[in-house]
Amino acid sequence: LSYNLEWYKVKKELPDLLKTMTANVENSTANGPWDLMGFQECENITAVFENNPRVKEWATYQKSPGDIAVAWNTTKFKKLEGGIEPSGQDSWGPRYTIWVRLQVRDTNSHILFLNVHGAVGKCNSTAGDEIYKDYTKIIADHKQDGDWLFFTGDFNCQSYDEVIKNFGKDYHDSAQAS
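First things first, this report covers the structure right here in the doc. (Residues numbered from 1 in each chain as written. Predicted model: local features only at pLDDT ≥ 70, side-chain atom pairs only at ≥ 80, totals over all residues. Heavy atoms only, no water.)

## Side note on the overall build of the protein
Inference 1: When helices and strands are tallied, the protein shows five helices and eight strands.
Inference 2: Order of helices (α) and strands (β) in the protein, N terminus to C terminus: β-α-α-β-α-β-β-β-β-β-α-β-α.
Inference 3: Split into buried and exposed, the 178 residues of the protein put 42% on the buried side.
Inference 4: For the protein, the computed accessible surface area is about 9900 Å², with 47% contributed by carbon and sulfur atoms. (Helix = DSSP H or I, 4+ residues; strand = E, 2+ residues; numbered from the N terminus. Buried < 20%, exposed > 50% of the residue type's maximum accessible area, 1.4 Å probe, protein only. Areas by Shrake-Rupley, 256 points an atom, 1.4 Å probe, with all protein chains shown as cover.)

Pasting the structure below:
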């Protein structure tokens with residue numbers, strides 16, 4: 001699940017919008033089954049998850065700088081490591097990709113889970129090439145042989161843009177939603 005929380009709206013109208021966001025996350029987990037969640041425009045993932053009974057078995061990871069976070073079901077995954085890396089810049093400022101490497105519980109299987117709030121207007125030509133290189137470098141630096149790859153986010157690119165097309169060429173079973 002990937003969810004852009006539009007935190008700039010939440011700041012202005014707390015706590016009502018925060019309650020709405022928390023309810024949306026709760027409803028999403030009820031309708032899942034989601035095991036991994038990526039959040040964009042999220043300045044405080046703890047506020048979204050606290051006091052929410054449906055996500056009590058979930059862990060979150062958020063690290064500055066950036067407005068992104070990830071969450072996973074702890075009954076299914078154990079966090080091994082995580083970090084945040086720069087992945088572009090636009091008129092809003094620097095952009096980042098957050099990642100965690102997870103072990104699937106009771107197995108030797110692992111997942112590299114990444115989430116991004118991508119740079120606006122940087123999806124094609126030289127700018128798109130640079131952004132895509134940033135993404136693939138982060139993957140190469142942290143994905144180990146045999147790891148499954150899950151990459152969620154608001155890439156700020158359309159399906160016809162080069163960044164998204166390159167993912168489709170270079171990674172099997174890639175999918176997107178609008």
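## Digging into the sheet that holds strand E8 (residues 148-154)
Inference 1: Spatially, the four strands line up as an open sheet ordered E5-E6-E7-E8, and their pairing is mixed. The strands lining the two open edges of the sheet, one partner per strand, are strand E5 (77-90) and E8. Strand-to-strand twist across the sheet, computed as the mean angle between neighbouring axes with direction ignored, equals 15 degrees.
Inference 2: For strand E6 (residues 93-104) and strand E7 (residues 110-117), the ladder comprises seven bridges, and the chain directions are antiparallel. Residue Leu102 lies in a different strand from E7, and its bridge partner there is Ile111.
Inference 3: Against the sheet, helix H4 (residues 125-142) touches E5, E6, E7 and E8, its axis set at about 160 degrees to E5. (Pairing = 2+ DSSP bridges. Axes fitted to C-alpha atoms, helices over the stretch in contact; angles between N-to-C directions. Contact = heavy atoms within 4.5 Å.)

## Focus: H4
Inference 1: With 18 residues, H4 should reach 26 Å at 1.5 Å per residue; the first-to-last C-alpha distance of 26 Å fits that figure.
Inference 2: Regarding H4, the residues found buried are Gly128, Ile131, Tyr132, Tyr135, Ile138, Ile139 and His142. Projected down its long axis, H4 carries its buried residues within an arc of 120 degrees, all on one side. Facing away from the buried surface of H4 by more than 90 degrees, the exposed residues are Thr126, Lys137 and Ala140. (Expected span 1.5 Å × (residues − 1). Arc of directions from axis to C-beta.)

## Quick look at the sheet that holds strand E1 (residues 2-4)
Inference 1: With respect to topology, four strands assemble into an open sheet ordered E1-E2-E4-E3, the strand pairing being mixed. One side of each edge strand has no neighbouring strand; the edge strands of this open sheet are E1 and strand E3 (58-61). On average, each strand axis in the sheet is tilted by 20 degrees relative to the strand beside it, whichever way the strands run.
Inference 2: Alignment of strand E2 (residues 36-40) against strand E4 (residues 69-73), held across four bridges, turns out to be antiparallel.

## Description of the pairing of E5
Inference 1: Bridge count between E5 and E6: eleven bridges; the pairing is antiparallel. Along E6, the bridge assignment pairs Gly83 with Trp99.
Inference 2: A loop of two residues connects E5 with E6, the two strands running antiparallel in sequence.

## A short note on the environment of Gln40
Inference 1: Mapped onto the elements of the fold, Gln40 is located in strand E2.
Inference 2: What makes Gln40 buried here is its relative accessible area of 1%.
Inference 3: A sequence separation of 78 residues divides Gln40 from Gly118, and the C-alpha atoms of the two residues are 9.3 Å apart.
Inference 4: Ignoring any residue separated from it by four or fewer positions in sequence, one finds Gln40 in contact with Ser2, Tyr3, Asn4, Leu5, Glu6, Asp67, Ile68, Asn115, Val116, His117, Gly153 and Asp154.
Inference 5: Within the local environment of Gln40, its side chain forms a polar contact with the side chain of Ser2, the two groups lying 3.0 Å apart. (Polar contact = N/O pair within 3.5 Å; in protein donor to acceptor, adjacent residues only side chain to side chain.)

## Overview of the nonpolar core
The nonpolar side chains of a soluble globular protein tend to be buried, and buried together.
Inference 1: Core analysis: the biggest nonpolar cluster contains 17 residues, and Leu114, Tyr135, Phe151, Phe155, Cys157, Val163 and Phe167 have the highest contact counts within it.
Inference 2: Elements supplying a minimum of two residues to this core: E7, H4 and helix H5 (162-170).
Inference 3: Residue contributions to this core peak at five residues, all from H4. (Core = buried A, V, L, I, M, F, W, Y, C linked by side-chain atoms within 4.5 Å.)

## Describing the pairing of E7
Inference 1: In terms of burial, E7 is largely enclosed, as eight of its eight residues are buried.
Inference 2: Alternating residues of E7 divide into His110, Leu112, Leu114 and Val116 and Ile111, Phe113, Asn115 and His117, and every residue in both groups is buried.
Inference 3: Connecting E6 to the antiparallel partner E7 that follows it, the hairpin turn spans five residues, and Asp106 within it adopts a positive phi of roughly 65 degrees.
Inference 4: Strand direction decides the pairing type here: E7 and E8, joined by seven bridges, are parallel. Along E8, the bridge assignment pairs Val116 with Gly153.
Inference 5: Each parallel crossover has a hand, and for E7 linked through H4 to E8 it is right-handed. (Right-handed = clockwise from strand over helix to strand, strands pointing away.)

Remember that the coordinates give geometry; whether it matters functionally is a separate question.
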